[in-house]
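Breakdown of the fold
Here is what each chain is made of, one letter per residue.
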Amino acid sequence: MLQDLLSLLFPEICYACAAPMARGEKYICTECSVKLPYTDAHVHGATELNTLQQRFWGKVPVRYAFSYLYFRPKGRVQRLLHQLKYKGAHELGEHLGRRYGSLLSDHQYGQQFDLILPVPLHHAKLRRRGYNQSDSFAKGLADAMNLEWNSRILVRNIDTETQTKKSRLDRWQNVEKVFAVKMPEKVKGKRVLLVDDVLTTGATLEACIQSLLDSGCSEVSVATIATAEK
Ligand SMILES: [Zn+2]
C-alpha cells in the first residue's frame, strides 16, 4: 500500500527516455525495451555478415565481436550511456549486461569463453568516478552467462585522456604501453571475452587485445554495450 503510494508520488524514471515508469518496470521502460536499436551481431557470429568483426581485420585477431546496441546521436542509447557514465547508474550497466548475457547464452555463446575482463580505467580516474562502467556491464554479462570475471587482471598504466593534444602517431605509440596484464598466469590458454562500453575505432580494444595475446591467452572476443552504425 505504502509502496504503491510512493511509486505514484515518486515514479522511477526510464534511463533511456526519462519518462516516468509504470510499477514493475525497472531501469528501462517497456516501450524503450521494444524500440532500442539492437544490433544482430550475435546472430551473424564470426561470419562476414558481422560488420563489427571487420573493424579488427588486418589489426589483431578477434574470435567474435559483439555490440548490444547501435549508438545514435540524441537517441535512447546516447541517454543510456550518459546515465551510465556520468550519473553513477552502475546498476544500469549490470542490468544491460544481464540482458545481453541472457541473449548470448540463448545463442549458445556461454560455452565459448572462459573469462570476462573489462577494459580498465586508470586508477586515478576510477577513484574520481567511483566505478568503472565497463566493469558493471562485464559483471552483468558474467552473472547471466555463469562465467568468471575479474577486474584486476588487465590494468591501465596511462590515463590516455591526458594525451589527446598529441599527434595521432604519438598517441598510437603511447597506446601500446597503456595496458598491462598483471597476472599473466590467469589468462594463459584462456578464451577471453573483453568488455567495453563503446566500440568506435577499436584502438583501445586493439591495444588491450595485443596485451592479452602477448600474455598467452588463446583467443580474444569483444563485447560492448554500443557501437556507431556504419
Ligand atoms: Zn523509456
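Because the structure is predicted, anything quoted here is derived from the model rather than measured.

The next point concerns the pattern of salt bridges. Enumeration according to the criterion identifies 10 salt bridges in this entry. Between Arg-76 and Glu-31 there is a salt bridge whose closest N-O contact spans 4.0 Å. One end of the pair, Arg-76, is in helix α5 (residues 76-86); the other, Glu-31, is in helix α2 (residues 30-35), and 45 residues separate them in sequence. Under the relative-accessibility criterion, Arg-76 is labelled partly exposed at 23%. A salt bridge links Asp-114 to Arg-191, with the shortest nitrogen-to-oxygen separation between them at 2.8 Å. With Asp-114 in the loop between α6 (90-106) and β2 (115-118) and Arg-191 in strand β6 (residues 191-199), this pair connects stretches of sequence that are 77 residues apart. Residues joined by salt bridges that share partners form a network here, namely Glu-94, Arg-98, Lys-139 and Asp-143.

This part is about the coordination of the zinc ion. Ideal values for angles at a metal depend on the geometry: 109.5 degrees with four tetrahedral donors, 90 or 180 degrees with six octahedral donors. Listed as protein donors to the zinc ion are Cys-14 (SG), Cys-17 (SG), Cys-29 (SG) and Cys-32 (SG); their distances from the metal cover 2.3 Å. If you look at the zinc ion, its four donor atoms make angles of 104 to 115 degrees with each other, and the shape they trace is tetrahedral. Assessed through its relative accessible area of 9%, Cys-29 is described here as buried.

The element strand β7 (residues 219-228) is largely enclosed, with a buried count of eight among its 10 residues. When strand β1 (residues 65-71) meets β7, the two strands line up parallel, connected through six bridges. Looking at β7, one finds that Phe-71 is bridged to Ala-228. Viewed along the sheet, the connection from β6 through helix α10 (residues 203-214) into β7 turns out right-handed.

Attention shifts here to the environment of Asn-157. Inspection of the secondary structure assignment puts Asn-157 in the loop between β4 (154-156) and α9 (168-178). C-alpha separation for the pair Asn-157 and His-122, spaced 35 residues apart in sequence, amounts to 6.4 Å. Asn-157 has contacts with His-122, Lys-177, Val-178, Phe-179 and Ala-180, leaving out every residue within four places of it along the chain.

Segmentation of the protein chain into domains returns domain 1 (1-35) and domain 2 (37-228). Its C-alpha centre places domain 1 at a distance of 29 Å from the equivalent point of domain 2. On the side of domain 2, 12 residues touch domain 1, which itself brings 11 residues to the contact. Counting every contact that joins domain 1 to domain 2 gives one salt bridge. Counting across the domain 1 and domain 2 interface gives four residue pairs in polar contact (both at pLDDT 80 or more). Of the residues belonging to the side of domain 1 that touches domain 2, the class tally is seven nonpolar, one polar and three charged.

Pairing is parallel in the open sheet, where five strands are placed in the order β1-β7-β6-β2-β3. Whereas interior strands pair on both sides, the edge strands pair on one side only; in this sheet they are β1 and β3 (148-149). Across two bridges, the pairing between β2 and β3 is parallel. The residue of β3 that forms the bridge with Leu-115 is Glu-148. Together, β2, β3, β6 and β7 form the strand contacts of helix α8 (residues 133-145), whose direction differs from that of β6 by roughly 130 degrees.

So, about α8. For the α-helix, the turn length of 3.6 residues means that residues three or four positions removed from each other point alike. Here α8 is 13 residues long and its end C-alpha atoms lie 19 Å apart, about the 18 Å a rise of 1.5 Å per residue gives. Summarising burial for α8: 10 of the 13 residues are buried, a large majority. Within α8 the residues assigned to the buried category are Gln-133, Ser-134, Asp-135, Ser-136, Phe-137, Ala-138, Gly-140, Leu-141, Ala-142 and Met-145. Capping the start of α8, Asn-132 holds a side-chain oxygen 2.9 Å from the backbone nitrogen of Ser-134, two or three residues further along. Two residues or fewer past α8, Asn-146 is found with a positive phi of approximately 55 degrees.

What counts, and where the lines are drawn
Residues numbered from 1 in each chain as written. Predicted model: local features only at pLDDT ≥ 70, side-chain atom pairs only at ≥ 80, totals over all residues. Heavy atoms only, no water. Salt bridge = Lys/Arg side-chain N within 4 Å of Asp/Glu carboxyl O. Helix = DSSP H or I, 4+ residues; strand = E, 2+ residues; numbered from the N terminus. Buried < 20%, exposed > 50% of the residue type's maximum accessible area, 1.4 Å probe, protein only. Donors = N, O, S within 2.8 Å, 3.2 Å for Na, K, Ca; no water. Tetrahedral: all angles 85-135°; square planar, octahedral: opposite > 155°, others 65-115°. Pairing = 2+ DSSP bridges. Right-handed = clockwise from strand over helix to strand, strands pointing away. Contact = heavy atoms within 4.5 Å. Domains from an automatic or database assignment. Polar contact = N/O pair within 3.5 Å; in protein donor to acceptor, adjacent residues only side chain to side chain. Nonpolar A, V, L, I, M, F, W, Y, C, P; charged D, E, K, R; others polar. Axes fitted to C-alpha atoms, helices over the stretch in contact; angles between N-to-C directions. Expected span 1.5 Å × (residues − 1).

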